[in-house]
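# A look at the structure
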Amino acid sequence: MQATSLKWSAFPEVFAISIRQKKAATSRFVRQQQPSRICCQATGALAQDDYPGVLTGLSGTGRLGMSPSEQRVFDVVLKQAAVVNRRIQENQRLNEDVKPESVVPSDPLDLLNEAYLRCCEVCEEYAKTFYLGTLLMTPDRRKAIWAIYVWCRRTDELVDGPNAPHITPSALDRWEQRLEDIFEGKPYDMLDAALADTVSKFPIDIQPFRDMIDGMRMDLVKARYENFDELYLYCYYVAGTVGLMSVPVMGIAPVSNASTESVFNAALALGIANQLTNILRDVGEDARRGRIYLPRDELAQFGISESDVFSGRVTDKWRAFMKNQIKRARMFFDISEQGVGELDKDSRWPVWASLTLYRQILDSIEANDYNNFTKRAYVGKWKKFLSLPVAYVRAIAPPP
Ligand SMILES: CC(C)=CCC/C(C)=C/CC/C(C)=C/CC/C(C)=C/[C@@H]1[C@@H](COP(=O)(O)OP(=O)(O)O)[C@]1(C)CC/C=C(\C)CC/C=C(\C)CCC=C(C)C
Ligand SMILES: [Mn+2]
């Protein structure tokens, strides 16, 4: 199954290389072991009253008051943190402090090197600013992020790309089987091989990857969201998962006092914030495809019907509704911001850069007087350019 709009080349069995062998030699998530506190200090000051339940999972109150979707996602967060903590403990037990071995093999013709190079090219082509940001990361980490990026892009492309009309649930089942193979060290093609290598080196769990495929399944059958809880789950599937996949690669700063769980929570929040922003930017485009990724009950509270969304008129009701949606997206950005400083110092810049740029899309929706039906909100070249040094300054600040 190929997503033809991207220049994938299939290099099948050749890449069933002995990826598992490398597993033992890994120790790149080296940080101090922190007491396990399941809380995210980020949420305290936020307007939780506006969205009861949405953030309780992060505020230290455990599962009490969480919505079903939050509980479901919270369990995955805990599992990811446990995977990482286990790796930290293993490393400590072995008293290892292994310097990350470079994934650049000495032989320039090495196939794995070639595989990562392909991932790099795809990233550069499809996500230029993000690609620039990754250049500051250590070589092994940036390669891993490229490999993850490419897998996410391909997965999204299945339901959004030119082959989308032919994608059936069973095609997604096959994609999931292929994912299982990647995690078992049996990649199908070159790009899979890069990911197989990555997941053998970093403490990355398969669950967020499976969940992203579930998000794509959801997209095949669902075009309406009754309430925010349903939308939250969708946002977790297609974007929160990216945050969970990335943290084990980016690493947590050895001097950080934050718990692993809270860092994963912040990463999850960044994915959710990005996806909510995506949704708010693309309301018109989605409506033209017959889709409304907005909570139906909240639309109704503001007196907005489905046909109002399809007709695309910017009314005062629409502006008031949008103000609330933007406020919520910003709240998730706020939560995530408090976790960025906890990441390993080399990984902070690309995160700050992408966070700042995405956040500005919300400002642009406001500047367009909430017309997200026919005006595309975007961040201009200069603003983008200026954001990079600002992100850099934030990135070099030590963890709070
Ligand atoms: C502690 C802390 C804050 C850590 C940071 C964790 C982190 C790096 C989080 C990343 C969050 C992120 C970039 C999420 C992606 C959200 C997103 C835009 C998802 C898109 C989904 C589908 O949307 P839709 O179809 O509606 O939109 P399009 O029209 O198709 O755009 C996605 C397209 C899913 C696929 C996601 C990707 C291709 C992005 C994958 C990105 C990475 C693996 C790299 C993340 C790393 C950095 C440095 C940002
Ligand atoms: Mn998409």
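As recorded by an unreviewed UniProt entry, the protein chain carries the name 15-cis-phytoene synthase and is attributed to Adiantum capillus-veneris. If you open the UniProt record of the protein chain and go to Catalytic activity (unreviewed entry), you find "2 (2E,6E,10E)-geranylgeranyl diphosphate = 15-cis-phytoene + 2 diphosphate". Word for word, the UniProt comment on the protein chain under Sequence similarities (unreviewed entry) is "Belongs to the phytoene/squalene synthase family."

Secondary-structure assignment places serine 256 in the loop between helix H8 (228-250) and helix H9 (260-281). Judged by its relative accessible area of 0%, serine 256 falls in the buried class. Engagement of the side chain of serine 256 in a polar contact is seen with the backbone nitrogen of alanine 258, the distance being 3.0 Å.

Now for the pattern of salt bridges. Applying the stated rule across the entire model yields 33 salt bridges. Between aspartate 211 and arginine 72 there is a salt bridge, and its shortest N-O distance comes to 2.8 Å. Note that aspartate 211 is positioned in helix H7 (residues 207-221) and arginine 72 in helix H1 (residues 68-93), a separation of 139 residues in sequence. Note on arginine 72: relative accessible area 29%, which makes it partly exposed. If you follow the salt bridges from partner to partner, you end up with Arg154, Arg178, Asp189 and Asp192 in one network.

A few words on the site of ligand 1. Neighbouring residues of ligand 1: 29 residues in total, closest Asp156, Asp160, Asn274, Asn278 and Ser354. At 2.9 Å, a side-chain N or O of aspartate 156 approaches an oxygen atom of ligand 1. In isolation ligand 1 exposes 1000 Å². Once the protein is present, 89% of that is buried. At the level of elements, helix H4 (139-160), H8, H9, helix H13 (316-340) and helix H14 (345-367) are the ones that each hand at least two residues to the shell around ligand 1. It is H9 that contributes the most residues to the shell around ligand 1, eight residues altogether. Of the residues belonging to the shell around ligand 1, the class tally is 17 nonpolar, nine polar and three charged. Domain assignment of the residues forming the shell around ligand 1 places at least three in each of domain 1 (31-97 + 222-400) and domain 2 (99-200).

Let us now look at H9. Because an α-helix completes one turn every 3.6 residues, residues spaced three or four positions apart along the sequence face the same direction. For H9, with 22 residues, the first-to-last C-alpha span of 32 Å sits near the 32 Å given by 1.5 Å per residue. The element H9 is largely enclosed, with a buried count of 22 among its 22 residues.

Here we come to the environment of valine 351. Position of valine 351 relative to the elements: it lies in helix H14. Classification of valine 351 as buried rests on a relative accessible area of 9%. The sequence separation of valine 351 and phenylalanine 321 amounts to 30 residues, and the corresponding C-alpha distance is 29 Å.

Residues Leu136, Tyr392 and Ile396 make up a contiguous nonpolar surface patch of roughly 280 Å² in combined accessible area. Relative to the helices and strands, tyrosine 392 is located in helix H15 (residues 381-396).

Further remarks concern the coordination of the manganese ion (ligand 2). Those protein atoms acting as donors to the manganese ion (ligand 2) are Asp156 (OD), Asp156 (OD) and Asp160 (OD), and they sit at 1.9 to 2.5 Å. Taken together, the residues aspartate 156 and aspartate 160, both in helix H4 and four residues apart, mark about one turn of the helix.

This part is about the nonpolar core. If you look at the biggest cluster of nonpolar residues, it comprises 111 residues, and the most contacted ones within it are Trp151, Leu231, Tyr236, Leu294, Val309, Trp318 and Phe332. If one sorts the elements of this core by residue count, H8 sits on top with 15 residues. Two domains each provide a minimum of three residues to this core, namely domain 1 (31-97 + 222-400) and domain 2 (99-200). Residue contacts for tyrosine 236: discarding those within four places in its chain leaves Arg72, Val73, Val76, Pro208, Asp211, Thr241, Leu244, Leu268 and Ile272.

Taken domain by domain, the protein chain holds domain 1 (31-97 + 222-400) and domain 2 (99-200). Taken together, the 17 residues of domain 1 in the interface contact 15 residues of domain 2. Regarding the contact of domain 1 and domain 2, the summed buried area is about 1400 Å², with carbon and sulfur atoms giving 70% of it. Joining domain 1 to domain 2, the criterion identifies two salt bridges. A salt bridge links arginine 289 to aspartate 160; the nearest nitrogen and oxygen atoms lie 3.8 Å apart. Our count for the contact surface shared by domain 1 and domain 2 stands at three residue pairs in polar contact (both at pLDDT 80 or more). Put simply, the parts of the chain that give the side of domain 1 that touches domain 2 at least two residues each are H8, H14 and H15. Residues that form the side of domain 1 that touches domain 2 fall into these classes: nine nonpolar, three polar and five charged.

Moving on, we get to the environment of arginine 394. Inspection of the secondary structure puts arginine 394 in helix H15. Apart from the residues within four sequence positions on either side, arginine 394 is in contact with Glu337, Trp352 and Thr356.

Overall, the coordinates contain 17 aromatic pairs when judged by the stated rule. Here phenylalanine 183 and phenylalanine 209 contribute two aromatic rings whose centre-to-centre distance is 5.3 Å and whose plane-to-plane angle is 65°, an arrangement assigned as edge-to-face. Here phenylalanine 183 is found in helix H5 (residues 169-183), whereas its partner phenylalanine 209 is found in helix H7, with 26 residues between them in sequence. Here phenylalanine 183 falls in the buried class, since its relative accessible area comes to 14%. On the basis of relative accessibility, which here comes to 0%, the residue phenylalanine 209 falls in the buried class. One aromatic cluster is present, formed by Trp151, Trp175, Phe183 and Phe209 through successive ring pairs. The aromatic ring of phenylalanine 228 is capped on one face by arginine 328, whose charged end is 3.6 Å from the ring centroid.

Reading the values: rules and limits
Residues numbered from 1 in each chain as written. Chains lettered and ligands numbered in written order. Predicted model: local features only at pLDDT ≥ 70, side-chain atom pairs only at ≥ 80, totals over all residues. Heavy atoms only, no water. UniProt positions renumbered as here; feature names shortened; annotations may be inferred. Helix = DSSP H or I, 4+ residues; strand = E, 2+ residues; numbered from the N terminus. Buried < 20%, exposed > 50% of the residue type's maximum accessible area, 1.4 Å probe, protein only. Polar contact = N/O pair within 3.5 Å; in protein donor to acceptor, adjacent residues only side chain to side chain. Salt bridge = Lys/Arg side-chain N within 4 Å of Asp/Glu carboxyl O. Near = heavy atom within 4 Å. Areas by Shrake-Rupley, 256 points an atom, 1.4 Å probe, with all protein chains shown as cover. Nonpolar A, V, L, I, M, F, W, Y, C, P; charged D, E, K, R; others polar. Domains from an automatic or database assignment. Expected span 1.5 Å × (residues − 1). Patch = residues over 30% accessible without salt bridge, like charges linked within 9 Å, V, L, I, M, F, W, Y side chains within 5 Å. Donors = N, O, S within 2.8 Å, 3.2 Å for Na, K, Ca; no water. Core = buried A, V, L, I, M, F, W, Y, C linked by side-chain atoms within 4.5 Å. Contact = heavy atoms within 4.5 Å. Buried area = accessible area lost by both parts, 1.4 Å probe. Phe/Tyr/Trp six-rings, centres within 6.5 Å; stacked < 30°, edge-to-face > 60°. Lys NZ or Arg CZ within 6 Å of the ring centre and 35° of its normal.

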